[in-house]
Each structure stands twice: as C-alpha cells, then as structure tokens.
Amino acid sequence: MDQGENDEMIRLGRRQNSKNSKSKSMRVNANFIRTVSVEESKSKSAMLKTFMNSLFWANFMAFIVVVDAVCTSADINARAADSGVSETFAVISDLCLALYTIELSVFLCISDCQTRLHWTMLMDIAIIGCGWAERLIQVVAEDSISFRITVLRPLRLVRIFRLLRSLKRLRPLRELHKLATMMATCFRTLLWSFLLCFVVMTVWAMLMVELIYPALLDMNRLEGTFEDCGYCQRAMSTVMDANLLLFQTVIAGDSWGKIAIPVIQRHPATAIIFVGSLLTLVFGVLNLIVAVVVDTFADARINDVQSLAEEMEEDLQYDRQILANLFARIDKDGSGELSLPELMEGARTDPQFHSRLRVMDI
C-alpha cells in the first residue's frame, strides 16, 4: 500500500469519526487535573456533594433564610407591641430551623476534616445551636416572659447571619460576600483598632480635663455660657466624660461646635487641643484603621488558596456557559460543530465573538 492510499484511508476515517461524533448540543471542555477517580465521582457521596453545592440549592436556602428573617421580624414586632405571636410564623420558623439542621448534618457527613473546621462551618454550627437553645428556653422558661424577651431576640437575630453561606455561591452577590468575609476576617483587627482609638482619645481627654475644664467652669460662672446645657457643664469633669465628648463630637461628628467653638473663641489657645484631637483621630487613627483593615484582608485573601481556587472554578464554569451559548449562536446549521466558514461569519456578525477575538489580538 503506497503513501497516497494511506492518506486517503486516514481522510475517510476522520470523516467517519466526524459524522459519528456530531451532537446537537454545544459543549466546552476544559477541566483541571482532578484528584478524584471516576468511580468516586460517580458515587452517591459525590453526587450529593455536587447537589448541595449547586446554584439551585444555594438559591433555595437563601430563600429559606429570607423567610426565616421575615418570621423573626414579625415575632419581634409582635413582642414589642405586646401582642400575641402568630402560630403560623412560629411553625415556619421551626421548619426553617429543621432545614438548617438537615443541611448542616449532610455537610458534616460529606465534608473532610479541614472543611468542618472552617470558620463558616463553625459559625453555622453556632447559629443552629442558638436556634435549638431558643427552643429549649421556650420550653424551660415558658412562664418567664421577660426572660424570654431578653434572651430569645439575640438568638433569633443570629440566625440571619446564616445568609453568608449562600452569598458565596451566588455570583450576583459576590461583592456582598466579600464584604461579609472581610468583616469576619478583620474582626480581630477591628478590636485592636478600637483599643488604639480609645488610647489616643484618652490622652486627649486627660489634656481636656486638665486644661480646658477649668476654663469651661470660669466661662459658665462668669458669663453663663452653658447655663442652658446641663451636659456641657460636666462634659469634661472626668476622663471618661471627656472620652464620651470626643467620641460624640470627633468620631460621630455630632455637635462639634456646641462646646468647642465658644471655648476656642474665649480661649484661643484651646484650639490646639480641639483641632489636634480632630486631626489625630479623624485624619490619623481612622484612616490608619482603614488601611490596616484592607491590608489584613488582602493578606488573608492571598493566603486563602482554597477560596481562590473555588472562585477560579466558578469563573471557569461561568465562562464555559458563555462560550457554549456563543458557539451555539454561531452554529447556524445546528450540527454541534463549528466549521471555518461559520467561525469567519460569526467573527464578522456577532459582536460578542468579535470582541473576544479582539481581546485575544486575533
């Protein structure tokens, strides 16, 4: 058999394979290396894990959390109005708690040890534990209405934070999930930031009590400047009162000129303390806290390789779907394959495909 007959047979074989491999649906395949065997991927545990991590289940549980939040709001409103709580809302809330427990039990069964110790899983366990603690308190302290009102409300409100689990799997809410994750990741940083802010405020408060408070008393005794403001007369009487004044006027920005402006006009040298506290706290400490919080979250995000890998996988699935829809739109004859003329025509007529080719410098 010569070379020409060999080439002809190869071409015929390719044509036959092309006919047999034609499909009516367009698919885009680009899988990363998996450490799971084919048998494991077809197991019931893997199928259950896929379903629990699917977008359908995420949307369903997000809806359940919203319904639970509505029931919690109705219950709190009823207690505030001193009226009876609807039994319907109570039953719906119990059903939501049962669904939370079932989902958590399934996740604990199909997850590995590292996933079980993740902070989101531990938070979920704490939230569901608060829910069952609420039910226990309702049974044990049924006659103590005041005790139930003060204890059950925080437990019910904690369950709303369970929406964080669903935010991770909903692409339109990815930014909201990043904000919630940043808040949880930087909680320790925020505590230290509050301590730093309190220390700086205390230093300025000591100066205010030592230097400004006598001047304030003289103004009130000789001129009656603060006779109509009982709070102003004792705003700097102690270090903690001065701290509260700084927090109100500098941090919260409430009525800064009510005490500061009259005192500065009567004693201009006190502007050093008032303006100095404003500059160091607002333009110094608060901006420094923002920078440290952002830096802390950036470091945590870089080191969180698992979350980055999951986001890359989600982006890959999203891009696959977009490409599949794009190729199906270009495939005019519906054969499931794209020929060179179809590609050329799609590049000329389809704006999205044209833009992608342009980005790839084609």
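Residues numbered from 1 in each chain as written. Predicted model: local features only at pLDDT ≥ 70, side-chain atom pairs only at ≥ 80, totals over all residues. Heavy atoms only, no water.

(A) The overall build of the protein, seen in detail. For the protein, the count of helices and strands is 18 helices and zero strands. Expressed as a percentage of its 362 residues, the buried residues of the protein come to 31%. Put simply, of all contacts in the protein between residues at least 6 apart along the chain, 68% involve residues at least 24 apart. About 23,200 Å² of surface is accessible on the protein, with carbon and sulfur atoms providing 65% of the total. (Helix = DSSP H or I, 4+ residues; strand = E, 2+ residues; numbered from the N terminus. Buried < 20%, exposed > 50% of the residue type's maximum accessible area, 1.4 Å probe, protein only. Contact = heavy atoms within 4.5 Å. Areas by Shrake-Rupley, 256 points an atom, 1.4 Å probe, with all protein chains shown as cover.)

(B) Up close: the UniProt feature "transmembrane region" (unreviewed entry) in the protein. What UniProt calls "transmembrane region" (unreviewed entry) maps, in this numbering, to residues 54–76, 88–110, 185–207 and 271–294. Here residues 54–76 runs as 96% helix and 0% strand, with 33 Å between its end C-alpha atoms. (UniProt positions renumbered as here; feature names shortened; annotations may be inferred.)

(C) Molecular detail of the UniProt feature "domain: EF-hand" (unreviewed entry) in the protein. As annotated by UniProt and renumbered to match this structure, "domain: EF-hand" (unreviewed entry) occupies residues 318–353. Spanning residues 318–353, this segment combines 72% helix with 0% strand, and its end C-alpha atoms are found 16 Å apart.

(D) Quick peek at empty space enclosed by the protein. Tallying each qualifying case throughout the model produces one cavity of 30 Å³ or more. Of the pockets and cavities examined, the largest cavity occupies roughly 60 Å³. Considering the residues around the largest cavity, the lining is formed by Met208, Leu245, Leu246, Thr249, Val250, Trp256, Ile259, Ala260, Phe274 and Ser277. If one sorts the elements of the lining of the largest cavity by residue count, helix H13 (residues 239–251) sits on top with four residues. The residue makeup of the lining of the largest cavity, split by class, is eight nonpolar, two polar and no charged. (1 Å grid on protein atoms, 1.4 Å probe; cavity = no way out; pocket = protein on both sides within 12 Å on 5 of 7 lines; lining within 4 Å. Points joined across faces, edges and corners; volume = space filled by probe spheres on them. Nonpolar A, V, L, I, M, F, W, Y, C, P; charged D, E, K, R; others polar.)

(E) The pattern of salt bridges, seen in detail. Scanning the entire structure with this criterion turns up three salt bridges. One salt bridge connects Asp218 with Arg221, and the closest N-O pair in it is separated by 2.8 Å. Of this pair, Asp218 and Arg221 both sit in helix H11 (residues 187–222), three residues apart, which is roughly one turn of that helix. Judged by relative accessible area, which is 32%, Asp218 ranks as partly exposed. The shortest N-O distance in the salt bridge between Arg266 and Glu223 comes to 2.7 Å. Pair noted here: Arg266 is in helix H14 (residues 260–266) and Glu223 is in the loop between H11 and helix H12 (230–233), with a separation of 43 residues, a long-range link. Look at Arg266 and you get partly exposed, because its relative accessible area is 41%. Classification of Glu223 as partly exposed rests on a relative accessible area of 47%. (Salt bridge = Lys/Arg side-chain N within 4 Å of Asp/Glu carboxyl O.)

(F) Structural context of the environment of Met344. Assignment of secondary structure puts Met344 in helix H17 (residues 340–349). Each C-alpha atom, one on Met344 and one on Ile330, is 9.6 Å from the other, the two residues being 14 residues apart in sequence.

(G) Layout of the state of the cysteines. In total, this model carries one disulfide according to the counting rule given. Note on cysteine connectivity: Cys229 is disulfide-linked to Cys232, with sulfurs 2.1 Å apart. On the S-S bond that ties Cys229 to Cys232, the torsion sits near 70°, and the link is right-handed. Free of any disulfide, Cys96 has its nearest cysteine sulfur in Cys71, 5.9 Å distant. (Disulfide = S-S within 2.5 Å.)

(H) Summary view of unusual backbone geometry. The phi angle at Ser255 is positive, at roughly 55°, despite the residue not being glycine. Following the sequence through the fold, Ser255 ends up in the loop between H13 and H14.

(I) Representation of the environment of Thr238 within the structure. Mapped onto the elements, Thr238 comes out in the loop between H12 and H13. As for Thr238 and Tyr213, which are separated by 25 residues in sequence, their C-alpha atoms are 9.2 Å apart.

(J) Main features of the nonpolar core. Counting 34 residues, the largest nonpolar core has Met208, Met236, Ile259 and Phe274 as its most contacted members. Listing elements by their share of this core, those giving two or more residues are H11, H13, H14 and helix H15 (271–303). Of the residues forming this core, the biggest block, 11 residues, is contributed by H11. The contacts of Met236, once residues within four sequence positions are left out, are Met208, Val209, Ile212, Tyr213, Leu216, Ala242, Leu245, Ile259 and Phe274. Trp57, Met61, Ile64 and Met121 belong to the second largest nonpolar core, which has 13 residues in total. (Core = buried A, V, L, I, M, F, W, Y, C linked by side-chain atoms within 4.5 Å.)

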